[in-house]
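A structural walkthrough
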Amino acid sequence: AKEWVSVANVKIDGHPDILANQDSKAKQSAQDIVAEMIKISKTISEGAMSFLFAEYTYMAVYIVLFSIFLVFFTGVPTTIAFVVGAVTSIMCGWIGMRIAVFTNVRTTHQCWKNLSAGFDVAIQGGCVMGLSLVSLGVLALFALVEIFRAYFDFASSETMYEAIAGYGLGGSSIALFGRVGGGIYTKAADVGADLSGKNDYGLDEDDYRNPACIADNVGDNVGDIAGMGADLFGSFAESTCAALVLAASSPDLKSSWCGQMYPMLISSVGIVVGILTLLLQGTLYKVKDMPDVEKALKGILVISTVLMTPVVIVLSKWCLPETFSMGAGYEEVKWWYCAMSIMLGLWSGLIIGYVTEYYTSHSYTPVREIAETQKQSAATGIIYGLALGYLSCIIPVICLGVTILVSHTLCGMFGVALGALGMLGTMTMGLTIDAYGPISDNAGGIAEMSGLPETVRGLTDCLDAAGNTTAAIGKGFAIGSAALVSLALFGAFTVRAKVTSVDILNPWVFTGLLFGAMMPYAFAAWTMKSVGTAANDMVKECLEQFPKIMGPEKMAPDYEKCIRISTEASLREMLAPGALVILSPLVAGLGFGKNCCAGLLSGALVSSVQLAISMSNTGGAWDNSKKYISAGGLGKEFVKGSEAHKNSVTGDTVGDPLKDTSGPALNIVMKLTAIISLVFGTAIAEFSNAEGGPFWA
């Protein structure tokens, strides 16, 4: 509430007391600039809200239809949990969007004053989103648990928590549409704006004469705010539900209310840690000059991870018995085993974040190598970028492997679920710096389009550059946590469907494994093709408008038409990839048995992790290579307008759908296939024969 009040108290008045600092390149009066800022901000806000309204209409139809399906196969309690999870996820996306479009213009306005003031507003807006989303998720889940305990008569606590898994399914279903729809929207606008404006007319990224520039700024919000918010909410919901299901299977934990609620308490204390982190960040990492911005953002992650470590130890000691049983082979689990599992996830997340930064930031060798190759041609830059993405998989996969191996050895699948919760333990701060990125990006666009002095655009570019790096770190967190969440859900599915082993020599398992490994490629292909189709429509529209905009007519750009093209294309194109993810585990499980379904989940998980990391980091590296060349990193002869810069724009354009559409959306492929299998686990077992094959074999 305090941070929201701070943002709301920013008065957009043009800083009349400091207008003397306005540089000589300002072509309008301060009041004209302020009026233009407010007008542009309103257009972005209306575009974002109109997209959300259209997308949520589609989602409402899906919720109703899928709820009917759920009632028949799983019962009323699971359906209620599904609806609550879906509605909560929608609320999270809407709240995040409202905060972002409210904060962006205020960040621009404060950058007119100085860098520190602009940074403070952007980070305050981001933390409102981070703290409110996690708080809302925890409260909704806790309320659901209490309602189920009070008003439903379940055979056992295990049955109740299996029904509550529907909450995770609801959250992840909405995340699918948010990620895919938002990703197609933002990259259709971005690629369309780049191809028509930069390449054909040599315009700057946010030149007001580009008809697609407003759609591009709207896309930053629908993809990186609503999409990422729903994605991480889904991860939180699913990992918590998986841990609750597994905790309920322990007679020692379910006898204690504190032990049962242990998974939920981990996320709850993360909120408190997030608040303390923000207080310390302002003291330890003061932002005065441009290099301080990136240090402050990374400092937020480090502080929150360090603070969370002792909190996890104390919480584990307080909530858990000295020793307890987690089933056969895990009869003597100690409380500190659980603390260790959480800390492995927590610190693995930080390592993955820093590795992601190394491979995607132009401060380090990999991106600079790409920039050097782009002096010669776009092709060599693309070859290097693909290689970089593949290399960037190595350390994250090692971190995930160590976390899974140690956690599973100590606590079984419960340990893996706790590892996922550990990686998401700093989610409040992860969302804060992730929301900061599109807020500062929009701030730069508003500064450019409203005619603010170039000094202001320089400050917003500084905030935006740091935001690009932290956005890549956020994607690394999201992918890593999705892998752990998916494995935990897979473990819960094997328990519910009574799958004792997954033997790849079994023909049904291997068939499912092959199909599951193929799914991420089909999904990525459809989403990338969708971006290409939508971007092509956008380019055609822009090229029709440009002759009149740039010619003697000086026609005003038709922003609304471009927003409509992106909206219609994204909603139309998200249906096929969504159907693939939702229907595949149901067809495999109900049609070909639980062994085939187990194989499909294994293949989808292993394949999606590698592809998501490589695609996200390749796209991020190409983007920052372009920024490095634009800033004169290769020398003054290779800045904007040079062949090297044009080659880097080609790489960036190719990478846009990789890093912002297909790559991040693969998180949902992993998680949603697993949570659907868990929720329908009993039905899948009933449709299988005694050996785990199809009922008809």
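Read on for an overview of the structure. Small disclaimer: the values here were computed from a predicted structure and weren't measured.

Focus: the overall build of the protein
Per the secondary structure count, the protein includes 23 helices and two strands. Since a compact globule built from 697 residues should have a radius of gyration of about 26 Å, the 25 Å found for the protein is in line with a globular shape. The dimensions of the protein, computed from C-alpha atoms along their principal axes, are 75 × 50 × 45 Å. Of all 697 residues assigned to the protein, the portion counted as buried reaches 64%. Within the protein, residue pairs in contact and separated by at least 24 positions form 84% of the contacts whose partners lie at least 6 positions apart. Of the accessible surface of the protein, which amounts to about 24400 Å², a share of 64% is contributed by carbon and sulfur atoms. Taking the average place of the 42 positive charges on the side chains of the protein and the average place of its 58 negative ones, the gap between the two points comes to 3 Å.

Describing unusual backbone geometry
One non-glycine residue, Lys 498, adopts positive backbone phi at about 60°. By the element assignment, Lys 498 lies in the loop between α17 (454–496) and α18 (507–550). Given a relative accessible area of 64%, Lys 498 falls into the exposed group.

Focus: helix α6 (residues 213–248)
Here α6 contains 36 residues, and its C-alpha end-to-end distance of 51 Å stays within 8% of the 52 Å for a straight helix at 1.5 Å per residue. In α6, a bend of some 25° at Gly 227 exceeds every other bend along the element.

Considerations on the state of the cysteines
Enumeration according to the criterion identifies zero disulfides in this entry. The structure places no disulfide on Cys 562, whose sulfur is separated from the nearest cysteine sulfur, that of Cys 542, by 4.2 Å. Of the residues examined, Cys 562 reaches a relative accessible area of 0% and is grouped as buried.

A closer look at empty space enclosed by the protein
The method is simple in principle: a probe with the dimensions of a water molecule rolls over the atoms, and the space it marks as empty is what remains. What the rule picks out here adds up to three cavities of 30 Å³ or more. Approximately 90 Å³ is the volume found for the largest cavity. Along the walls of the largest cavity sit Met 228, Leu 232, Met 423, Leu 424, Thr 426, Met 427, Gly 430, Asp 434, Gly 474 and Phe 477, which together make up its complete lining. A class-by-class count of the residues in the lining of the largest cavity yields six nonpolar, three polar and one charged. Its boundaries defined by the atoms lining it, the second largest cavity holds a volume of some 60 Å³. Lining the second largest cavity, in full, are Leu 52, Glu 55, Tyr 56, Met 59, Ser 89, Gly 93, Ile 174, Gly 178, Val 222, Ala 226, Gly 227 and Ala 230. Mapped by element, the contributors of at least two residues to the lining of the second largest cavity are α2 (30–74), α3 (76–111), α5 (157–201) and α6. Per-class residue counts for the lining of the second largest cavity are seven nonpolar, four polar and one charged.

Notes on the packing of aromatic side chains
Going through the model one piece at a time under the given rule, you end up with 25 aromatic pairs. Look at Trp 508 and Trp 696: their rings are 5.9 Å apart centre to centre, the planes differ by 90°, and that puts the pair in the edge-to-face class. Placement of Trp 508 in helix α18 and of Trp 696 in the segment after α23 (681–686) is noted, with a sequence separation of 188 residues between them. Judged by relative accessible area, Trp 508 falls into the partly exposed class, the value being 27%. Residue classification places Trp 696 among the exposed positions, given a relative accessible area of 52%.

Details of the environment of Lys 288
By the secondary structure assignment, Lys 288 is in the loop between α9 (262–284) and α10 (291–319). Once the C-alpha coordinates of Lys 288 and Leu 115 are considered, the two residues, 173 residues apart in sequence, prove to be 6.9 Å apart.

Some words on the nonpolar core
Counting 216 residues, the largest nonpolar core has Tyr 262, Val 293, Phe 414 and Phe 493 as its most contacted members. The dominant element in this core, judged by the number of residues it contributes, is α6, at 21 residues. If near-sequence neighbours (up to four positions away) are discounted, Phe 414 is found in contact with Ala 243, Leu 246, Ala 247, Leu 253, Tyr 262, Met 326 and Cys 338. In this structure, Ala 371, Leu 634, Phe 638 and Ala 644 belong to the second largest nonpolar core, which totals six residues.

Thoughts on the pattern of salt bridges
Side-chain pairing between opposite charges can occur once the charged atoms of the two side chains come close. Tallied over the full model, the rule gives 21 salt bridges. Linking Asp 190 and Lys 187 is a salt bridge whose minimum nitrogen-to-oxygen distance equals 2.7 Å. Separated by three residues within a single helix, Asp 190 and Lys 187 lie in helix α5, roughly one turn from each other. With a relative accessible area of 9%, Asp 190 lands in the buried category. Here Lys 187 falls in the buried class, since its relative accessible area comes to 3%. Note that Lys 659 and Asp 660 form a salt bridge whose closest N and O atoms lie 2.6 Å from each other. Within this structure, Lys 187, Asp 190, Asp 623, Lys 627, Asp 656, Lys 659 and Asp 660 form a network of salt bridges that share partners.

A short note on the packing of α6 against helix α19 (residues 559–573)
Axis separation between α6 and α19 bottoms out at 8 Å; the angle between their running directions is 45°. Judged on the interaxial angle alone, α19 and α6 are oblique. When you trace α6 past α19, the crossing you get is right-handed. Where α6 approaches α19, its residues Cys 213, Ile 214, Ala 215 and Val 218 are matched on the opposing element by Tyr 559, Cys 562 and Ile 563. Taken together, the residues of the contact of α6 with α19 break down into seven nonpolar, no polar and no charged.

Cut-offs used in this document
Residues numbered from 1 in each chain as written. Predicted model: local features only at pLDDT ≥ 70, side-chain atom pairs only at ≥ 80, totals over all residues. Heavy atoms only, no water. Helix = DSSP H or I, 4+ residues; strand = E, 2+ residues; numbered from the N terminus. Rg over C-alpha atoms; globule rule 2.2 N^0.38 Å. Buried < 20%, exposed > 50% of the residue type's maximum accessible area, 1.4 Å probe, protein only. Contact = heavy atoms within 4.5 Å. Areas by Shrake-Rupley, 256 points an atom, 1.4 Å probe, with all protein chains shown as cover. Lys, Arg positive; Asp, Glu negative; His and termini not counted. Charge placed at Lys NZ, Arg CZ, Asp CG, Glu CD. Expected span 1.5 Å × (residues − 1). Bend = angle between axes of the 7 residues up to and from the residue. Disulfide = S-S within 2.5 Å. 1 Å grid on protein atoms, 1.4 Å probe; cavity = no way out; pocket = protein on both sides within 12 Å on 5 of 7 lines; lining within 4 Å. Points joined across faces, edges and corners; volume = space filled by probe spheres on them. Nonpolar A, V, L, I, M, F, W, Y, C, P; charged D, E, K, R; others polar. Phe/Tyr/Trp six-rings, centres within 6.5 Å; stacked < 30°, edge-to-face > 60°. Core = buried A, V, L, I, M, F, W, Y, C linked by side-chain atoms within 4.5 Å. Salt bridge = Lys/Arg side-chain N within 4 Å of Asp/Glu carboxyl O. Axes fitted to C-alpha atoms, helices over the stretch in contact; angles between N-to-C directions. Parallel < 35°, antiparallel > 145°, perpendicular 65-115°, else oblique. Left-handed = near helix turned anticlockwise from the far one by under 90°.

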